[in-house]
Structure formats: structure tokens, C-alpha cells
Amino acid sequence: MDQDYDAIILGTGLKECLLAGLLSVEGMKILHMDRNSYYGGESASLNLRQLWEKFRPGEPEPTHYGRWQDWAFDMVPKFMMGNGLLVRTLVHTSVHNYLQFKAVDGSYVVKGGKTYKVPATDMDALKSSLMGMFEKRRARSFFMYVQDYDETKPDTTKGHNLNVMTSRELFAKFGLQDGTVEFIGHALALNVDDAYLDRPALKMVKAVKLYEESLARFNTGSPYIYPLYGLGELPQGFARLSAVYGGTYMLAKPDVEVTYDPETKRATGVTSEGESARAKFVVGDPSYFPGKTRRIGRVVRAICILSHPIPNCGDAHSVQIILPQAQTGRQSDMYVFGCSWAHNVCAKGKYLAFVSTTVETANPHLEIEPGLALLGASPFVLFFINVTDVMTPIADGKEDGCFISAGYDATTHFESTVLDVLDMYTRITGKTLDLSEKDPAAAAAER
């Protein structure tokens, strides 16, 4: 291991593997290490044996669930927007050729204790039971405005300065009621709370447009797709990309530590098992950099095995349900993620459900009860709760050579995940990654 590298990357989470792939394509010599014996880090997909080792150490995994290899429990369950940043990155790097995806069946939102399919287009608005007749027409006008908006054509703003006008003001221009604003802001624009209402409307409009474009890309009942065999396939796909370009991987290195120049305090490489490696800079998840990160919150996630599909979602094999903050009396949204044996993540006839939210009290297991209630009466074959800290770097890494990723939030989509990676990429290379070179739908057609 006594070699020089351009970069040493610690942790094989999705963020680290994605960045390793991008930097390898740039021609950098990469050494990638992880304390675990498997890929994925905090964002791994654990099989049944690994799940048992994590939550019930010392106990053998049960045999009545079938083969332990047939299960994949996502520790950070998320879907991919069909036209979103992660799909565009997969296409840009051609990693999509290593993976198989399945469209997610439905996207839902909770209002008044009931689950409704999310309307995202002008035609959806006219059919939706979420709104009354007159409100449907107003919502239809808003959706048509978003569909027509093109940031390269100023006239499509229809006289609204979206860089100045707030989302609240734009919604008021269309006369939208609070309930309509709620599902647009949270279930389409995917804001995690209501703070966006008093910010410039441009970001919200572009987010709703992304949702609509993603819905149209694959012509399914939702804007999301999901990889067969679980999200653990994603970091492995990007790791394969790095390996193609000469990246070196070492797993099961529990004692790996970053080394620093005693005078400049800048990272110089790593040590492990009595050996050392040198690098121009070190990248990794927060757990490898004690003292260089701070906690910005906590996320609670429930992991559930069900014997039936999530109720009130048309017997769908895969769904996302969003509970906006106002519906639960909380400060942040709650998310329900559902998938099944159709995605090769569990035994045939079984379903997986995950409920996640930002922790706001000293009793996180009680906070997720509104989400668990959507899973049906006495639904759990198996049930675990996982609470994790969300850490973020204190510095940007340019001075000390430590480029640290932020933790994973509670959302069940990957937009914030990839934004963090792209920001790290820019800080390291000084360049902005252009993801507009190849259209995801065209790439799908090629396959």
C-alpha cells in the first residue's frame, strides 16, 4: 500500500463511490478504502444476515424468511427522479449500463388522514379528488404555467420575476388554496418544510418542472425509478467505473486513519495495519474525520417487512408517500417508501416499507407513528428502528485537504445527495460537471 495517489477516498457510501468514479474519469489515481467488508457505508443495502448483525449482534439470522441472500434492506431508502441529477450522472458516466431499473408505481400525499395520488399535470389536476371543481381549474392553470416555463425564454415567465417573487406570492397569483399549495410544495417540489414559501419562486418552479419532466420520461405512474437488487447496486456501479479507470479498492480496513502534516495540518494520506499511503488530498464520509464535522440533525428510519402491499395505494409494489408537516403537526415532513419482491429485494410475496423523518424530540420512535399507521393494521412481520446523526463538514476542505461529504437526510429522493457530490467535485477540481450532454430518455431507448 506504500504508494502515492492523487486522492484517497474513505468509505464506500454512494457519495464517495460516485465521486471516486468522477475523479477517476478525470484521470486521477484513486485509492478507495472502507472499514466495512461490503460496499455502501451508511447507504448500504444489507442482506438479512448483515441486518441481524447490525441490529441483533450475537444472534443468528432467522431461517423462516428464506435465503438470507435474497434480501436487501436499504439503510438510506431513496428513489431516483427519472430526469433528476442521479439519473443524469448515471447516464453521463455510462454506469446505467451496469444496472437494471424498475419504474416506481405511484407517488402519494396524505391530506386529512387519507392517501391521495399526487397530481402533477394539468390533466391530473382535473381528475384529482384532492381538490374541488374550481380549485382544479386554478391548479390546472398553475401546472400549465410550469410546463410552459423555459428559463432560456424570458417571455415564459408571463411577467413574473421568479428571482424576486416568492413562492407564496406566485401561488397567490393563481389563487391556490392552502391545501393545494401544500401538496405542490411538498409532494412535487419536494421541500422538506414551509420555509421555501418566502424564498424566490424560481427554485420551486424548477423543482415542480423536474417532477413533471421525470413523470413524462418513462410514462409511468410516478416520476421515480428504483434499481433492482436495492440501492447497494449504485455505489458498486460507480466503484466499477473507478476500477475501469485504474482505481484500487480495499475493504475490511477497520483501523484506517487519516495522516496529517504536523506543521501545515494538511492531510497527507492514510495508515492501516502498519502500512501507509500518500495522497494530495483525502475524501470521505464524516465518520473518518473526527473533530472536522458537526451534527446538524438526526434522522429516524423504521425498517419493516410486510406480508401485504401498503394499503390505499392500488396494491402497488412500489410507492412513495409524503406526509407534509402540517398534516402531522411537525416542523418537517415524513416519508414512506415501499418496495417488494418485484424489485428482487426480499422473498417472494413479501414487501419492504421504510418510514423516515427528521428527529424533533427525545422520542424518535414515537415521531414516526403517523407513517407507520399508513402501513395497515398489525402489518409488521419484522420491525427495526434506526436513528442516525446527520453530520456536515466544518470547512470546505481546500485548506486542510479533507473533502468530507454530508450525511443523508430523511427525504426519499436523491437530489440533495447528488448536489453534495457535485459541490465536492467542484471544490476539488475547480470545474462544474456538465450533466446535459446526454438525455436520460435517449439512453434508456438505446438500451
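Keep in mind that what you see is a predicted model, and the values were worked out from it rather than measured.

> Help me understand the environment of Glu42, please; the structure alone is not making it clear to me.
Relative to the elements of secondary structure, Glu42 occurs in the loop between strand 2 (30-33) and strand 3 (45-46). With a relative accessible area of 34%, Glu42 lands in the partly exposed category. Sequence spacing of Glu42 and Leu433 is 391 residues, and the spatial spacing of their C-alpha atoms is 25 Å. Beyond its immediate sequence surroundings of up to four residues, Glu42 is in contact with Met75, Val76, Thr388 and Tyr408.

> Hey, could you run me through the pattern of salt bridges in this one?
Summed over all chains, the structure comprises 17 salt bridges. A salt bridge links Asp409 to Lys78; the nearest nitrogen and oxygen atoms lie 2.8 Å apart. Note that Asp409 is positioned in the loop between strand 19 (402-404) and helix 13 (415-429) and Lys78 in the loop between strand 4 (73-74) and strand 5 (80-81), a separation of 331 residues in sequence. On the accessibility criterion, Asp409 (26% relative accessible area) is partly exposed. Between Glu151 and Lys206 there is a salt bridge; the shortest N-O distance is 3.4 Å. A residue pair is termed long-range when its members are at least 10 positions apart, and Glu151 in the loop between helix 5 (133-148) and helix 6 (167-173) and Lys206 in helix 8 (residues 202-218) qualify at 55 residues. Residue Glu151 is classed as exposed on the basis of its relative accessible area of 53%.

> What is the right way to read the packing of aromatic side chains from this model?
How two aromatic rings sit relative to each other is set out by the distance from centre to centre and by the angle between their planes. In the structure shown here, the tally under the stated rule is 16 aromatic pairs. With centroids separated by 6.1 Å and ring planes inclined at 75°, the aromatic side chains of Tyr65 and Trp71 adopt a geometry described as edge-to-face. Trp71 sits in the buried class, given a relative accessible area of 3%. On the basis of an interplanar angle of 85° and a centroid distance of 5.7 Å, the ring pair of Phe79 and Tyr226 is categorised as edge-to-face. Of this pair, Phe79 sits in the loop between strand 4 and strand 5 while Tyr226 sits in strand 9 (residues 224-227), placing them 147 residues apart in sequence. In this structure, Phe79 and Tyr226 share a single accessibility class: buried. Ring-pair connections join several aromatic residues into one group, and the members of that group are Phe79, Tyr211, Tyr224, Tyr226, Phe337 and Phe354. In this structure, Lys15 packs its charged tip against the face of Tyr408, placed 5.0 Å from the ring centre.

> It is not clear to me how the state of the cysteines should be interpreted in this structure. Could you clarify?
Covalently bonding the sulfur atom of one cysteine to the sulfur atom of another cysteine gives a disulfide. Across all of its chains, the model carries zero disulfides by this definition. Left unpaired, Cys17 is separated from the closest cysteine sulfur, that of Cys402, by 19 Å. The exposure class of Cys17 is buried, given its relative accessible area of 0%. Cys339 provides the cysteine sulfur closest to Cys304, a residue in no disulfide bond, and the two sulfurs are 11 Å apart.

> Hey, could you run me through a nonpolar patch on the surface in this one?
A grouping of Val25, Tyr98, Val244 and Tyr245 is seen on the molecular surface, where their side chains present a nonpolar patch of about 380 Å² in accessible area. Relative to the assigned elements, Val25 resides in helix 1 (residues 14-25). Here Val25 falls in the partly exposed class, since its relative accessible area comes to 41%.

> How should I be thinking about the side chain of Thr115 in this particular structure?
Mapped onto the elements, Thr115 comes out in strand 8 (residues 114-117). For Thr115, a relative accessible area of 17% gives the class buried. Ignoring any residue separated from it by four or fewer positions in sequence, one finds Thr115 in contact with Tyr108, Val109, Val110, Asn312, Cys313, Ile321 and Leu374.

> Would you take a moment to explain the sheet that holds strand 6 (residues 101-103) for this structure?
Within a sheet, each strand pairs with its neighbour through backbone hydrogen bonds, oriented either parallel or antiparallel. Across the sheet, three strands lie side by side as 5-9-6; this open sheet has antiparallel pairing. The two strands at the open ends of the sheet, each matched to only one other strand, are strand 5 and strand 6. As defined by bridge partners, strand 5 adjoins strand 9 across two bridges and the pair is classed as antiparallel. Looking across to strand 9, one finds that Met80 is bridged to Ile225.

> What is the right way to read the packing of helix 5 against helix 8 from this model?
For any two helices packed against each other, the geometry comes down to the angle between their axes and how far apart the axes lie. Helix 8 packs onto helix 5 with a crossing angle of 90° between their chain directions and a minimal axis gap of 9 Å. One element, helix 5, and the other, helix 8, form an angle in the roughly perpendicular class. Between helix 5 and helix 8, the residues in contact are Phe142, Phe143, Val146 and Gln147 and Met204, Val205, Val208, Lys209 and Glu212, respectively. Considering only residue class, the contact of helix 5 with helix 8 consists of six nonpolar, one polar and two charged.

> Hey, could you run me through the packing of helix 1 against helix 9 (residues 233-244) in this one?
Across the interface, helix 1 lies against helix 9 with an axial gap of 8 Å and an inter-helix angle of 20°. As the angle between them shows, helix 1 and helix 9 are arranged roughly parallel. With respect to the hand of their crossing, helix 1 and helix 9 are arranged in left-handed fashion. On helix 9, the residues touching Leu14, Cys17, Leu18, Ala20, Gly21, Ser24 and Val25 of helix 1 are Leu234, Pro235, Phe238, Ala239, Leu241 and Ser242. Along the lines of polarity and charge, the residues of the contact of helix 1 with helix 9 split into ten nonpolar, three polar and no charged.

Calculation criteria
Residues numbered from 1 in each chain as written. Predicted model: local features only at pLDDT ≥ 70, side-chain atom pairs only at ≥ 80, totals over all residues. Heavy atoms only, no water. Helix = DSSP H or I, 4+ residues; strand = E, 2+ residues; numbered from the N terminus. Buried < 20%, exposed > 50% of the residue type's maximum accessible area, 1.4 Å probe, protein only. Contact = heavy atoms within 4.5 Å. Salt bridge = Lys/Arg side-chain N within 4 Å of Asp/Glu carboxyl O. Phe/Tyr/Trp six-rings, centres within 6.5 Å; stacked < 30°, edge-to-face > 60°. Lys NZ or Arg CZ within 6 Å of the ring centre and 35° of its normal. Disulfide = S-S within 2.5 Å. Patch = residues over 30% accessible without salt bridge, like charges linked within 9 Å, V, L, I, M, F, W, Y side chains within 5 Å. Areas by Shrake-Rupley, 256 points an atom, 1.4 Å probe, with all protein chains shown as cover. Pairing = 2+ DSSP bridges. Axes fitted to C-alpha atoms, helices over the stretch in contact; angles between N-to-C directions. Parallel < 35°, antiparallel > 145°, perpendicular 65-115°, else oblique. Nonpolar A, V, L, I, M, F, W, Y, C, P; charged D, E, K, R; others polar. Left-handed = near helix turned anticlockwise from the far one by under 90°.

In short, the description is geometric, and any link to function would need to be established separately.
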